[in-house]
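Report on the structure
Here are the chains, one letter per residue:
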Amino acid sequence: MGDILKQKLEKHYLAFDKTKISPDPLQFLHNFEKPEDIELVGLISSTFAYGNVKQINNTLEKIFNILGSHPNNNLLGMNKREIFKNFEGIKHRFYTNDDVKKFFTVLNKILLKEGSIKNIFLKYYDENDGNVKQIINYFSTHMLKQFNDVSPGIKFMFPMPEKGSACKRINLFLRWMVREDELDFGLWKEIKKNQLVIPVDTHISRICQKLKLTSKKNVSWNMAEEITNNLKKYDIEDPVKYDFAICHIGMRKMEF
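The following paragraphs examine the structure supplied in this document. What you see is a predicted model, and the numbers here were worked out from it, not measured in a lab. (Residues numbered from 1 in each chain as written. Predicted model: local features only at pLDDT ≥ 70, side-chain atom pairs only at ≥ 80, totals over all residues. Heavy atoms only, no water.)

Remarks on the overall build of the protein
Within the protein, the secondary structure is distributed over 13 helices and zero strands. For the protein, the succession of helices and strands along the chain, N to C, is α-α-α-α-α-α-α-α-α-α-α-α-α. Expected size for 256 residues packed as a compact globule is a radius of gyration near 18 Å; at 18 Å, the protein falls within 12% of this value. Considering only C-alpha atoms, the protein reaches an extent of 60 × 35 × 30 Å along its principal axes. Looking at the protein residue by residue over its 256 residues, the buried ones come to 54%. Sequence-distant contacts in the protein: of pairs separated by 6 or more residues, those separated by 24 or more amount to 65%. Of the accessible surface of the protein, which amounts to about 12000 Å², a share of 49% is contributed by carbon and sulfur atoms. (Helix = DSSP H or I, 4+ residues; strand = E, 2+ residues; numbered from the N terminus. Rg over C-alpha atoms; globule rule 2.2 N^0.38 Å. Buried < 20%, exposed > 50% of the residue type's maximum accessible area, 1.4 Å probe, protein only. Contact = heavy atoms within 4.5 Å. Areas by Shrake-Rupley, 256 points an atom, 1.4 Å probe, with all protein chains shown as cover.)

Here it is as structure tokens:
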């Protein structure tokens, strides 16, 4: 089973190249060349990456129409009043319009203070950590502290492994930033690929249960770690490279 599964994983990894990127939210990052724009667009895209993919992309199109061709500079150039005016009316599932406006206000504030999102993650990074669990805990804690009041929507934006969340969206963002191939950007060389954890959603969960890559029944951080550790049997240095293919096989209702 091991050799057969490895062959299948490698086959699907190679098949799901850049030509298959749509309708994944990752497509929005490929519209930009500057690292600071890719990074910001990546955090925004992953933060809104839950629910129906058509709904996700509709919301992201509205946001990136506002932010234009230089999202980082354009967001930095807005004051709070302009942010509230520009993002008026935009909401997404659990995120109210007020959540969205506050999210972009906080992004503006931390970019001005920290210089980049990467700098926040690297503050808490330890190359000796087994995986990214601790830096996600620290990042979410840091971000939540920036809000005067934390609504249910804001809390959902910044989940924590220590509370059991699979943290699918933050793991997705880290995959995009750390890994490098046709799909992922490899902008953050400081973090090791084998510290990444697979972004688990219902598609990943269902297929990985079927492939016996997890014994867990419910989506959680423990499930994400278990799947990642089992994928290390097939690529010890880059286990999360299989994520895009597994996820899209599930999304497109294909057989693995």
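What to know about the packing of helix α11 (residues 202–210) against helix α13 (residues 243–251)
Two elements in contact, α11 and α13, have axes separated by 8 Å at closest approach and are oriented at 95°. With respect to α13, the axis of α11 lies roughly perpendicular. Of the residues in α13, those in contact with His203, Ile204, Arg206, Ile207 and Cys208 of α11 are Asp243, Ile246, Cys247, Ile249, Gly250 and Met251. In the contact of α11 with α13, the residues fall into seven nonpolar, two polar and two charged. (Axes fitted to C-alpha atoms, helices over the stretch in contact; angles between N-to-C directions. Parallel < 35°, antiparallel > 145°, perpendicular 65-115°, else oblique. Nonpolar A, V, L, I, M, F, W, Y, C, P; charged D, E, K, R; others polar.)

Points about the environment of Glu10
By secondary structure assignment, the location of Glu10 is in helix α1 (residues 2–15). The spacing of Glu10 and Ala245 is 235 residues in sequence and 9.5 Å in space, taken between C-alpha atoms. Not counting residues within four places of it along the chain, the set of residues in contact with Glu10 comprises Tyr234, Lys241 and Tyr242. Among the polar contacts listed, one links the side chain of Glu10 to the side chain of Lys241, at a separation of 3.2 Å. (Polar contact = N/O pair within 3.5 Å; in protein donor to acceptor, adjacent residues only side chain to side chain.)

A word on the nonpolar core
Counting 86 residues, the largest nonpolar core has Ile44, Ile63 and Phe104 as the members making the most contacts within it. Once residues lying within four places of it in the same chain are set aside, the contact partners of Ile44 are Leu60, Ile63, Phe64, Leu67, Phe103, Phe104 and Leu107. (Core = buried A, V, L, I, M, F, W, Y, C linked by side-chain atoms within 4.5 Å.)

Structural notes on the environment of Phe156
Inspection of the secondary structure assignment puts Phe156 in helix α9 (residues 152–157). The partly exposed category is assigned to Phe156, whose relative accessible area is 30%. Each C-alpha atom, one on Phe156 and one on Cys167, is 9.6 Å from the other, the two residues being 11 residues apart in sequence. In contact with Phe156, other than residues within four places in its own chain, are Tyr50, Phe94, Tyr95 and Arg169.

Observations regarding the environment of Lys85
As for its position among the elements, Lys85 is in helix α5 (residues 80–86). Note on Lys85: relative accessible area 62%, which makes it exposed. Through-space distance from the C-alpha of Lys85 to that of Lys101 is 8.6 Å; in sequence the pair is 16 residues apart.

As for the side chain of Asp238
By the secondary structure assignment, Asp238 is in the loop between α12 (221–231) and α13. Polar contacts involving the side chain of Asp238 include one to the side chain of Arg179, which spans 2.8 Å.

This is a description of form; function is not addressed.
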